Amino acid sequence: MKYIALAIILTALSACQPAPTEPPQAVAVAVEYQSLPNYQHDVIGMQEQYLESEFWTKRLQHPDALIMTSSEIADFNERSYAVQDEMVYLIEHPKQLSAAELNNKIDAISSLPSYPRFYASGEQATAEQLDVYRNAANIDAIQATNPVQFGLVVKRSAMRTFPTRDKLYSEDLDLDIDRFQETGVFPGMPLAILHTSSDGKWYLAQSYHYLAWVQAKDVAIGPRDEVLGFARKEPFAMVAEAKVETNYTPSFEPVSDVQLDMSTRLPLLSAAETGHDVHGQNPFASYTVQLPIRDANGDLAFSPALIARHHDVHVGYLPYTEANVINQAFKFLGERYGWGHDYNARDCTGFVLEVYRSMGIDMPRNSSQQGYGSYGDTVVYDENSSNEEKLARLANAKVGDLIYLPGHVVMYIGEIEGQPYVIHDVHGLSYRDAEDQHYEGTLNGVSVTPLVDLGFGANDTYLDRIYAIKSVR
């Protein structure tokens, strides 16, 4: 089967690591919709059945064979933390930072942008306005020795470049790409709290794979051992669905309708621990989890919360199998793209992270950290690498392999008549049609597409720009 070249234009591909320069804009050429015969949409190489996970799992020879056991995954994670500087065992995090160390942390995330930034109105942010964001980092409050606190996330929250909810954009004013948005954190995630903003409303926080600013109201501060021990409690429930919510609880708002995203891990509680009435409901038809909450002083407390059993929740992590990789990935299919976990969603690397974390596998946050990372079985290509080399590797790709382009990652799910297909969370869409015209549209969500003939901008193909292929094995 021959496919027309399909290009995903990723001018700000995902909250995958931004490129060192602003990418050039492709020139769009208008294409009549009639030039796409036999399609009810503008995504080429796709049939309705390709949007069903079962289509892909049925093609697997050994869909339920373990790729790694739980002990092998633990070893894999240990190696990843050892070789990836951006991944942090919080249990090893220092209990205090010197002034120089804390200044370096702030500079690492909150340096003034090197490119012009714009408000949604089109007004360019002035140097004085940018200085306000920088000054909000409260550098003057840094002491010679700065104690580190620890806390648990109590509500899904954004991690930001600066301690502000203000949104700023690149010159192209793509309002889907807020350049101050970094990533997201979920309930139950432990954080090291390094510093507080000048208004006291934000914490500079270190998660297991990211350093940025998080709103203080979404974090509860507690004793270090209690915070870090929470993430290791067993047995635990793991959210296997894209998103679930705890049961509505009219009598106790902190645990009512709390959103829990895929890979969220919370300790399970038994009836012996909670009794047979949890906030006015019998828990026997629900999973009873221990949820961190924030008391009136901002301190850490805990409460049982219920997740109805009709939700997709697993006791422990899912087995790492090809079928589970595909099934987990397809649970996000069609979700709106969200740069840096914006829009209550996720981006290309966030998508990959949550799929693999549901099987207990940790990874770095940004695409370049993942792609060039020395964990897993990774082949890295440079400008001297031929497309034939990449095609040879793709011919032997395994389900779940991750394919990296500048600022983007896609996940291999199988091949059709020799053509590899992928699932990815992607912002833009463009391709060259049968008349070699360049079409530009949008995907802006988790999508299934063919791979090899995808274009990267108006001139290069995805194949030209692939710089790494990684097997998480």
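Scope of this entry: the structure provided in the associated data block. The residue numbering used here restarts from 1 in each chain and proceeds along that chain's sequence as written. Only residues with pLDDT of at least 70 get local features here, since the model is predicted, and only at 80 or more are side-chain atom pairs given and counted; chain-wide, interface and lining totals rely on the full set of residues. Calculation of side-chain values draws on the structure's entire complement of heavy atoms; hydrogens and water are dropped beforehand.

**A word on the sheet that holds strand 5 (residues 157–160)**
When DSSP finds two or more bridges between a pair of strands, those strands are recorded as paired. Counting from the N terminus, the helices are the DSSP runs of H or I reaching at least four residues and the strands are the DSSP runs of E reaching at least two. If you trace the 7 strands from one edge of the open sheet to the other, you get 6-5-9-8-7-4-10, paired in antiparallel fashion. Among the strands making up the open sheet, the edge pair consists of strand 6 (181–185) and strand 10 (219–222). Pairwise comparison of adjacent strand axes, ignoring direction, gives a mean angle of 45° for this sheet. Where strand 4 (residues 149–153) and strand 10 come together, 4 bridges link them in antiparallel fashion. Each bridged residue has a counterpart across the sheet, and for Val153 the counterpart in strand 10 is Val219. It only takes one pair of heavy atoms within 4.5 Å for two residues to be counted as in contact. Fitted lines through C-alpha atoms give the axes, limited to the stretch in contact for helices. The angle between two N-to-C directions lies from 0 to 180 degrees. Sheet strands in contact with helix 3 (residues 99–110) are strand 5, strand 6, strand 7 (190–196), strand 8 (202–206) and strand 9 (211–215), and its direction is about 85° off that of strand 9.

**Quick notes on the nonpolar core**
We call a set of buried Ala, Val, Leu, Ile, Met, Phe, Trp, Tyr and Cys residues a nonpolar core when their side-chain atoms join them within 4.5 Å. Throughout, exposure labels follow a simple rule: accessible area from a 1.4 Å probe, protein chains only, divided by the maximum for the residue type, with under 20% read as buried, over 50% as exposed, and the rest as partly exposed. Trp56, Tyr320 and Tyr356 are the most contacted members of the largest nonpolar core, which has 108 residues in total. For this core, the leading source of residues is helix 8 (residues 348–357), giving 6 residues. Sequence-distant contacts of Tyr356, that is, excluding residues within four places in its chain, are made with Tyr320, Val325, Ile361, Met363, Gly400, Asp401, Leu402, Met411 and Val472.

**Details of the sheet that holds strand 17 (residues 313–315)**
A sheet is described by the order of its strands in space; here 3 strands give the open sequence 14-11-17, paired in antiparallel fashion. Bordering the open sheet on either side are strand 14 (265–267) and strand 17, each of which pairs with just one other strand. Strand-to-strand twist in this sheet, taken as the mean axis angle between neighbours without regard to direction, amounts to 30°. Where strand 11 (residues 236–239) and strand 14 come together, 3 bridges link them in antiparallel fashion. The partner of Met238 across the bridge, within strand 14, is Arg265.

**With respect to empty space enclosed by the protein**
Cavities and pockets are defined on a 1 Å grid built over the protein atoms alone: a cavity is a set of grid points where a 1.4 Å probe fits but cannot escape, while a pocket is an open set with protein on both sides within 12 Å along at least five of seven lines, and lining residues are those with an atom within 4 Å of any such point. Grid points are joined across faces, edges and corners, and a volume is the space filled by probe spheres set on the points. Counted under the stated rule, the structure contains 2 cavities of 30 Å³ or more. Volume-wise, the largest cavity comes out at about 70 Å³. Elements with a minimum of two residues in the lining of the largest cavity: strand 6 and helix 8. Ranked by the residues each element gives to the lining of the largest cavity, the list is headed by helix 8, at 3 residues. Put simply, Ala, Val, Leu, Ile, Met, Phe, Trp, Tyr, Cys and Pro go in the nonpolar bin, Asp, Glu, Lys and Arg in the charged bin, and everything else, Gly too, in the polar bin. Residue composition of the lining of the largest cavity, by class: 4 nonpolar, 5 polar and 2 charged.

**So, a negative patch on the surface**
Negative charge collects at one region of the surface, where Asp382, Glu383, Glu388 and Glu389 lie side by side. Residue position: Asp382 is located in the loop between strand 18 (377–380) and helix 10 (387–395). A relative accessible area of 43% means that Asp382 is categorised as partly exposed. Like-charged residues within 9 Å of one another, or nonpolar side chains (Val, Leu, Ile, Met, Phe, Trp, Tyr) within 5 Å, are grouped into patches, provided each residue has over 30% relative accessible area and no salt bridge. Accessibility throughout is a Shrake-Rupley quantity obtained with a 1.4 Å probe, and a residue counts as covered only by protein chains that appear here. By convention in these notes, a salt bridge is any Lys or Arg side-chain nitrogen within 4 Å of a carboxyl oxygen on Asp or Glu. In this tally, Lys and Arg are treated as positive and Asp and Glu as negative; His is ignored, and so are the chain termini. All charge positions are set by atom: Lys at NZ, Arg at CZ, Asp at CG, Glu at CD.

Interpretation in functional terms is not warranted from these geometric data alone.
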